[in-house]
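What follows is the residue order along each chain.
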Amino acid sequence: MPVDVGPVDDAEFELSGAMESGDGENETEPATIDALQEALEGERDRLLRLAAEYDNFRRRSQRERLEAGARGQAELVKALLEPFDDLDRFANVEPSTTTASIVIEGVAMVERKMARALTAAGLEIINPVDAPFDPNLHEAVATTPAASQAEDSTVSQVYQLGYVFAGQLLRPARVVVRQWQG
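Reading the values: the criteria
- Residues numbered from 1 in each chain as written.
- Predicted model: local features only at pLDDT ≥ 70, side-chain atom pairs only at ≥ 80, totals over all residues.
- Heavy atoms only, no water.
- Helix = DSSP H or I, 4+ residues; strand = E, 2+ residues; numbered from the N terminus.
- Buried < 20%, exposed > 50% of the residue type's maximum accessible area, 1.4 Å probe, protein only.
- Areas by Shrake-Rupley, 256 points an atom, 1.4 Å probe, with all protein chains shown as cover.
- Pairing = 2+ DSSP bridges.
- Axes fitted to C-alpha atoms, helices over the stretch in contact; angles between N-to-C directions.
- Core = buried A, V, L, I, M, F, W, Y, C linked by side-chain atoms within 4.5 Å.
- Contact = heavy atoms within 4.5 Å.
- Expected span 1.5 Å × (residues − 1).
- Arc of directions from axis to C-beta.
- Salt bridge = Lys/Arg side-chain N within 4 Å of Asp/Glu carboxyl O.

**Student:** A description of the overall build of the chain should follow, citing residues and the corresponding values.
**Tutor:** When you go through the chain residue by residue, the secondary structure sums to three helices and six strands. Start at the N end of the chain and walk to the C end: the helices and strands fall as α-α-α-β-β-β-β-β-β. Residue burial in the chain is summarised as follows: out of 182 residues, 12% are buried. When the accessible surface of the chain is summed, it comes to about 14,000 Å², and 56% of that surface belongs to carbon and sulfur atoms.

**Student:** Break down the sheet that holds strand β2 (residues 138–145) for me, citing the residues and quoting the values.
**Tutor:** One open sheet holds the three strands; their spatial order is β2-β6-β3, and the pairing between them is mixed. Two strands close off the open sheet at either side, each with one partner strand: β2 and β3 (155–160). Sheet twist, expressed as the mean angle between neighbouring strand axes with direction ignored, is 25°.

**Student:** Explain the nonpolar core to me, using residue names and the numbers behind them.
**Tutor:** With seven residues, the main nonpolar core is built from I126, V155, V158, V164, A173, V175 and V177. Ranked by the residues each element gives to this core, the list is headed by strand β6 (residues 173–179), at three residues. Non-local contacts of I126, meaning those with residues more than four positions away in its chain, are made with L137, H138, L161, G162, Y163, V164, L169, R171 and A173.

**Student:** Break down helix α3 (residues 100–120) for me, citing the residues and quoting the values.
**Tutor:** Taking 1.5 Å per residue, 21 residues should reach 30 Å; α3 reaches 30 Å between its end C-alpha atoms and fits that length. Within α3, the full set of buried residues consists of G106, V110, K113 and A117. An end-on view of α3 places all buried positions within 60° of arc, on one side of the element. Facing away from the buried side of α3 by more than 90 degrees, the exposed set consists of A100, I104, E105, E111 and R116. Trailing α3 by a residue or two, G122 shows a phi angle of about 115°, which is positive.

**Student:** Which residues make up unusual backbone geometry, and what values go with them?
**Tutor:** One non-glycine residue, D130, adopts positive backbone phi at about 65°. Inspection of the secondary structure assignment puts D130 in the loop between β1 (123–126) and β2. At S153, a residue that is not glycine, the phi angle is positive and equals roughly 60°. Here S153 shows up in the loop between β2 and β3.

**Student:** Outline the pairing of strand β4 (residues 162–165), supporting the account with residue identities and numerical values.
**Tutor:** Residues G162 and V164 line the buried face of β4, whereas the alternating positions Y163 and F165 sit on a face that is not buried. Examined bridge by bridge, β1 and β4 share four bridges and lie antiparallel to one another. When the bridges of β4 are listed, I125 appears paired with Y163.

**Student:** Can you tell me about the pattern of salt bridges, naming the residues and giving the values?
**Tutor:** Scanning the entire structure with this criterion turns up eleven salt bridges. A salt bridge links K113 to D86; its shortest N-O distance comes to 2.6 Å. Taken together, the positions of K113 in helix α3 and D86 in helix α2 (residues 28–91) put the pair 27 residues apart, joining distant regions of the chain. Both residues of the pair, K113 and D86, count as buried. Overlapping salt bridges, with partners in common, bring together E82, D86, R89 and K113 in one network.

**Student:** Give me the sheet that holds strand β5 (residues 168–171): which residues, what numbers.
**Tutor:** Strand order in the open sheet formed by three strands is β1-β4-β5, with antiparallel pairing between adjacent strands. The open sheet has two edge strands, β1 and β5, and neither has a second partner. Averaged over all adjacent pairs, the angle separating strand axes in this sheet is 30°, with direction ignored.

**Student:** Talk me through the environment of M114; I want residue IDs and the actual numbers.
**Tutor:** Position of M114 among the secondary structure elements: in helix α3. Remark: the alpha-carbon pair of M114 and F84, spanning 30 residues in sequence, is separated by 8.4 Å. Setting aside residues up to four positions removed in sequence, M114 forms contacts with L80 and P83.

Now the structure itself:
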């Protein structure tokens, strides 16, 4: 009489069923046991290979993600090299032959080149003068009285530009907001 020993997995159940259903011939029992053990080893091997494939996929994906990030950073640095070269040339001009207006022109030129390079890379500059105040993009640092009710909650001055990159706010624009005193 069989004794209940708790849950039994399918392989054990088939093995015990094969042993009990035999009609007294011991010749089929070892063959059935060997076939079941062979099937079990085959499944174990298949699962180990599947786990190894998944682990390799995970490592490869992580490496490709890091390489893609490095390529993106390299493209940005490459775009900034030309404005950087201009700064370097500008920093090494002879002071005795340079006027203040040339210095101001040079700085403005480098600023424009840098802004073009960063804009081409996906950077959006937030300069909201006279635009409605948006707390998602602007940070109010001060208020000033509005001349009319139509100017209420609009930006009168920008202390610091804001930036958005790929839909993500990097820095809000720091602004002065008009308020209607009514």
